[in-house]
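Descriptive structure summary
Each chain, written out:
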Amino acid sequence: MERTLLVLKPDATMRRGVGAAVLERILEALPDARPLGFVERSVPKSLAAQHYAIHKGKFFFPWLIQFIRVGKVVATVLEGNDIVRRLRAVLGATFVDKADPESLRGKYGLVGGVNVAHASDEPGNAEKEIALWDKRTSLDIRSGGRDNLLAYIEKWRRAKISATQKIRIICKEYAQSYSSRDHYEEQITNLLISECPSWTRREIQKLADAVLGNMDLDK
Ligand code: RTP
Ligand code: MG
């Protein structure tokens, strides 16, 4: 049976309602998928570098490592027929602006590669990623993950999701650069605060910085 690694990135875990909505939709869209293991934790630099080793040397690699370490992530494994392809279809295209608006990245992603979740890209890489995360974290793929996922969804499903469209507009303005970077970072931070219960302003500012940092890659 095929398996894949799902990792909610910090833009989904910090925006609590987004994390819950993403997991809920995935379980609905893939009802036959069997969740294995669950962990919520921060990602040390060495795990981030190993997880993204395939992208080492690319211009966006340093940003990737920064972004995944902005806040905690949630990781689980899904087992099912053709699950690698099917999970990626639910997530949508890599870049938020190119993703189908009905897909999870199209609906909740903030901009460019700030795209809510990672999913393995093919079965061989999935097995390597699963082995890595199982070894380096308390993911524990020998235990069932469904109860943990349901508890996570229940805990955060009522958290507000209100800022996505507004942040996208600010990102468009940043692309035109009418004002200083600090000005946009403050605006995005202020909007994110409503979506990020249980995080400090300083932590949320790191997410805003990563949002602008992804846009800086194109400048
Ligand atoms: P993922 O690995 O996160 O599931 O995403 P993916 O397969 O759809 O895309 P991939 O090519 O593996 O890229 C990994 C992540 O790198 C970021 N990225 N940003 N030019 C850019 O701004 C850029 N290119 C890649 C995205 O966060 C992407 O998900
Ligand atoms: Mg990938």
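Within every chain, residues take consecutive numbers counted from 1 along the sequence as written. Chains and ligands are labelled by the order in which they are written, letters from A for the one and numbers from 1 for the other. Reporting of local features is limited, given that this is a predicted model, to residues whose pLDDT is at least 70; pairs of side-chain atoms are given and counted only at 80 or more, and all residues count toward the totals for whole chains, interfaces and linings.

Here's the deal with the overall build of the protein
A run of DSSP states H or I qualifies as a helix once it reaches four residues; a run of E qualifies as a strand once it reaches two. Both are numbered from the N-terminal end. For the protein, the helix and strand inventory stands at 11 helices and four strands. Counting only residues that meet the buried cut, the protein has 43% of its 219 residues in that class. For every residue pair, C-beta atoms are placed from the backbone, and the pair is scored as a contact if these atoms sit within 7 Å. For the protein, restricting intrachain contacts to residue pairs at least 6 apart in sequence, the fraction spanning at least 24 positions comes to 75%. Residue burial is a threshold on neighbouring C-beta atoms within 10 Å of the residue's own C-beta, all placed from the backbone, with 20 or more meaning buried, 12 or fewer meaning exposed, and counts in between meaning partly exposed.

Structural notes on the site of ligand 1
Note on definitions: a residue is near a molecule or strand provided its C-beta atom, placed from the backbone, lies within 6 Å of it. Within the structure, ligand 1 sits among Phe60, Leu64, Thr94, Gly112, Gly113, Asn115, His118, Ala119, Asp121, Asn214 and Leu217. Residues of the shell around ligand 1, tallied by class, amount to four nonpolar, six polar and one charged. Note on residue categories: nonpolar means Ala, Val, Leu, Ile, Met, Phe, Trp, Tyr, Cys or Pro, charged means Asp, Glu, Lys or Arg, and polar means any other residue, Gly included.

Some remarks on the packing of helix α10 (residues 181-195) against helix α11 (residues 201-216)
Two measures define how a pair of helices packs: the angle their axes make with one another and the distance between the axes. Viewed as axis vectors pointing N to C, α10 and α11 meet at an angle of 125 degrees, and their least axial separation amounts to 8 Å. Comparing their axes, α11 and α10 come out oblique. Crossing of α10 over α11 shows right-handed handedness. Of α11, the residues touching α10 (which contributes Arg181, Tyr184, Glu185, Ile188, Thr189, Leu192 and Ile193) are Arg201, Ile204, Gln205, Leu207, Ala208, Asp209, Val211 and Leu212. Partitioned by chemical class, the residues of the contact of α10 with α11 number nine nonpolar, two polar and four charged. An axis is simply a line fitted to the C-alpha atoms; with a helix, the fit covers only the stretch in contact. Between two such axes, the angle follows the N-to-C directions and lies from 0 to 180 degrees. Angular relationships are summarised with four words: roughly parallel below 35 degrees, roughly antiparallel beyond 145, roughly perpendicular across 65 to 115, and oblique for the angles in between. Each crossing gets its handedness from the near helix: less than a right angle anticlockwise from the far helix is left-handed, clockwise is right-handed.

Observations concerning the domain arrangement of the protein
For the purposes of this description, domain bounds are those given by an automatic or database domain assignment. Structurally, the protein comprises domain 1 (3-156) and domain 2 (164-216). The set of elements that each furnish at least two residues to the side of domain 1 that touches domain 2 consists of α1 (10-13), α2 (16-29) and α4 (61-68). For the side of domain 1 that touches domain 2, the element with the highest residue contribution is α4, accounting for three residues. Partitioning the side of domain 1 that touches domain 2 into residue classes produces nine nonpolar, five polar and three charged.

Re the packing of α4 against α11
Where α4 contacts α11, the two axes come as close as 10 Å, and the packing angle between them is 165 degrees. Judged by the inter-axis angle, α4 sits roughly antiparallel to α11. For the pair α4 and α11, the sense of crossing is left-handed. Residue-level contacts link Trp63, Gln66 and Phe67 of α4 to Ala210, Gly213 and Asn214 of α11. Across the contact of α4 with α11, the residue classes break down as three nonpolar, three polar and no charged.

Focus on the sheet that holds strand β1 (residues 3-8)
A pair of strands is considered paired only if DSSP assigns at least 2 bridges between the two. The antiparallel open sheet is built from four strands, whose spatial order is β2-β3-β1-β4. The sheet terminates laterally at β2 (34-41) and β4 (117-119), the two strands that pair on one side only. Strand after strand, the sheet turns through a mean of 15 degrees between neighbouring axes, direction not considered. The pairing of β1 with strand β3 (residues 73-79) spans six bridges and is classified as antiparallel. When the bridges of β3 are listed, Leu6 appears paired with Thr76. Running over the sheet, helix α5 (residues 83-91) touches β1, β3 and β4 and is turned about 30 degrees from β1.

Notes on the pairing of β3
Buried residues dominate β3, accounting for six of its seven residues. Judged from the six bridges that link them, β2 and β3 form a sheet pairing that is antiparallel. Residue Arg41 lies in a different strand from β3, and its bridge partner there is Val73.

Section: the nonpolar core
Nonpolar side chains in soluble globular proteins generally cluster together in the buried interior. Only buried residues count toward a nonpolar core: Ala, Val, Leu, Ile, Met, Phe, Trp, Tyr and Cys, linked into one set through C-beta atoms within 7 Å. By size, the foremost hydrophobic cluster in this structure holds 63 residues, and its most contacted members are Val22, Ala117 and Val211. Both domains that furnish three or more residues to this core are identified here as domain 1 (3-156) and domain 2 (164-216). Apart from the residues within four sequence positions on either side, Ala117 is in contact with Leu6, Val7, Leu8, Lys9, Ala12, Val22, Leu91 and Leu104.

Details of the environment of Val18
By the secondary structure assignment, Val18 is in helix α2. You can call Val18 buried: it has 28 C-beta atoms within 10 Å. Taking the C-alpha atoms as reference points, Val18 and Ile153, 135 residues apart in sequence, are found 9.8 Å from one another. Setting aside chain neighbours within four positions, we find Val18 in contact with Ala12, Tyr108, Val116 and Ile161.

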